[in-house]
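Structure at a glance
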Amino acid sequence: LCPAMLHAAALLCYNSLYAMILLSPYLVLYLKKQTQIKKEAQKWKLDLQFADAIRSLSAALEAGYSVENGLAEAYRDLSVTYGEDELIMIELMALMGEVRNSVPVEKAFAGRAARSGVDDIAGFADVFATAQRTGGCLRLKAVASAACT
């Protein structure tokens, strides 16, 4: 909408095709900025939703589920709160698909963290991988903190 308005304004105000051509670089800058703003908003939204997913996974682990089954339980739990087309639901579905295809859970988390670009997810993936490698038990508190007893 805005690119069309920019070109219309150039034609109306300056009554010139040249003005429209001269203002075209601003169109490119505008589109890049809007894309960047949209990506940052998605990252922020995913960060908030990930915190809910970790809390749900924590509850499932404390109830005695394995991590793999805890992910499915967290998905069911969050499907009540979020719709199926929300970012976290898509990420959880992809994560569960990777685990079903015999990808180790820690590698699946690391892959999702790298693709999302969210620092909290990356931090959780690192802590989770360390806990899995050292054979420790994993207790999730608040957002992505882990401890062994």
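Residues numbered from 1 in each chain as written. Predicted model: local features only at pLDDT ≥ 70, side-chain atom pairs only at ≥ 80, totals over all residues. Heavy atoms only, no water.

1. Regarding the overall build of the chain
For the chain, the helix and strand inventory stands at six helices and two strands. Seen in sequence order, the chain has helices and strands lined up from the N terminus as α-α-α-α-α-α-β-β. Residues classed as buried in the chain amount to 32% of the 149 residues present. By sequence separation, contacts in the chain at least 24 residues apart represent 42% of the contacts at least 6 residues apart. Looking at the chain as shown, the accessible area adds up to about 9300 Å², and 60% of this sits on carbon and sulfur atoms. (Helix = DSSP H or I, 4+ residues; strand = E, 2+ residues; numbered from the N terminus. Buried < 20%, exposed > 50% of the residue type's maximum accessible area, 1.4 Å probe, protein only. Contact = heavy atoms within 4.5 Å. Areas by Shrake-Rupley, 256 points an atom, 1.4 Å probe, with all protein chains shown as cover.)

2. Some thoughts on the environment of D52
You can see D52 is positioned in helix α2 (residues 17–62). For the pair D52 and A74, spaced 22 residues apart in the sequence, the C-alpha separation amounts to 9.1 Å. Other than its neighbours up to four places away in sequence, D52 contacts L78 and Y82.

3. Here's the deal with unusual backbone geometry
With a phi close to 70 degrees, S102 is a non-glycine residue in the positive phi region. Within the secondary structure, S102 sits in the loop between α4 (87–100) and α5 (105–116). Residue S102 is classed as exposed on the basis of its relative accessible area of 66%.

4. A word on the environment of F124
Locating F124 in the fold gives a position in helix α6 (residues 119–133). Along the sequence, F124 and I54 sit 70 residues apart, while their C-alpha atoms lie 9.2 Å from each other.

5. Examining the nonpolar core
Of all hydrophobic cores here, the largest spans 26 residues; its most connected members are L71, I88, L92 and F109. Among the secondary structure elements, those contributing two or more residues to this core are α2, α3 (67–81), α4, α5 and α6. Aside from chain neighbours lying at most four places away, what touches F109 is L57, L71, L95, F124, A125 and F128. (Core = buried A, V, L, I, M, F, W, Y, C linked by side-chain atoms within 4.5 Å.)

6. With respect to the pattern of salt bridges
Inspection of the entire model under this criterion finds six salt bridges. Two residues, E86 and K45, come together in a salt bridge whose shortest N-O distance is 3.2 Å. You can see E86 sitting in the loop between α3 and α4 and its partner K45 sitting in helix α2, a full 41 residues away along the chain. Each of E91, E98, R112 and R115 takes part in salt bridges that share partners, so that together they form one network. (Salt bridge = Lys/Arg side-chain N within 4 Å of Asp/Glu carboxyl O.)

7. Here we look at the packing of aromatic side chains
Going through the model one piece at a time under the given rule, you end up with four aromatic pairs. Ring centres 5.7 Å apart and planes at 70 degrees place the aromatic pair F50 and F124 in the edge-to-face group. Here F124 lies in helix α6 and F50 lies in helix α2, a separation of 74 residues in the sequence. Residue F50 is classed as buried on the basis of its relative accessible area, which comes to 6%. (Phe/Tyr/Trp six-rings, centres within 6.5 Å; stacked < 30°, edge-to-face > 60°.)

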